[in-house]
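Spelled out from the first residue to the last, the chains are:
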Amino acid sequence: MKMFLQITDEYAIESDVCSWALSRKRITKREGEHYQQFAWYSTLEDAVNGLARRMIRSSEADNLITAMRDVDKVVYNITKALEPNFKITTKE
């Protein structure tokens, strides 16, 4: 059984019987709109953390204030997509 968790318009987390995968939306002439897996993890928690790190690293932040705003957006998007079953905790 496969699970598909839509996180944002661009990213999703998928599962199969052996792993969790990060997927990114692609549009091609032959296949149309689909999600392509690009990173694999053994647990859902690792997949969520991997996606969060990727989204933060690929933000266009150029200073600490912008970076912190982008971190808040990432946490909000992931939490919103996975609530109420998955909670993100941050270290203060």
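Anyway, here's the lowdown on the structure attached to this text. (Residues numbered from 1 in each chain as written. Predicted model: local features only at pLDDT ≥ 70, side-chain atom pairs only at ≥ 80, totals over all residues. Heavy atoms only, no water.)

1. Focus on the pairing of strand 3 (residues 20–28)
Step number 1: With five bridges connecting them, strand 2 (residues 11–15) and strand 3 associate as antiparallel partners. Bridge pairing in strand 3 links Glu14 to Ala21.
Step number 2: Connecting strand 2 to the antiparallel partner strand 3 that follows it, the hairpin turn spans four residues.
Step number 3: Sheet analysis places strand 3 next to strand 4 (residues 32–41), joined by nine bridges and oriented antiparallel. Note on strand 4: the bridge partner recorded for Lys25 is Tyr35. (Pairing = 2+ DSSP bridges. Helix = DSSP H or I, 4+ residues; strand = E, 2+ residues; numbered from the N terminus.)

2. Brief notes about the packing of aromatic side chains
For any pair of aromatic rings, the description consists of the separation of the ring centres together with the inter-plane angle of the planes.
Step number 1: Under the defined criterion, the tally for this structure stands at two aromatic pairs.
Step number 2: Pairing Phe4 with Tyr35 gives two aromatic rings, centres 5.1 Å apart and planes at 70 degrees, and the pair type is edge-to-face. Taken together, the positions of Phe4 in strand 1 (residues 3–6) and Tyr35 in strand 4 put the pair 31 residues apart, joining distant regions of the chain.
Step number 3: In this structure Phe4 comes out as partly exposed when scored by relative accessible area, which is 40%.
Step number 4: A residue is classified by how much of its surface remains accessible, and Tyr35, at 21% relative accessible area, is partly exposed. (Phe/Tyr/Trp six-rings, centres within 6.5 Å; stacked < 30°, edge-to-face > 60°. Buried < 20%, exposed > 50% of the residue type's maximum accessible area, 1.4 Å probe, protein only.)

3. Section: the packing of helix 1 (residues 44–57) against helix 2 (residues 64–82)
Step number 1: Contact geometry of helix 1 with helix 2 gives a least axis separation of 9 Å together with a crossing angle of 145 degrees. Crossing of helix 1 against helix 2: the hand is right-handed. Only Val71, Val74, Ile78 and Leu82 of helix 2 make contact with helix 1, whose side of the interface consists of Val48, Ala52, Met55 and Ile56.
Step number 2: Tallied by class, residues from the contact of helix 1 with helix 2 come to eight nonpolar, no polar and no charged. (Axes fitted to C-alpha atoms, helices over the stretch in contact; angles between N-to-C directions. Left-handed = near helix turned anticlockwise from the far one by under 90°. Contact = heavy atoms within 4.5 Å. Nonpolar A, V, L, I, M, F, W, Y, C, P; charged D, E, K, R; others polar.)

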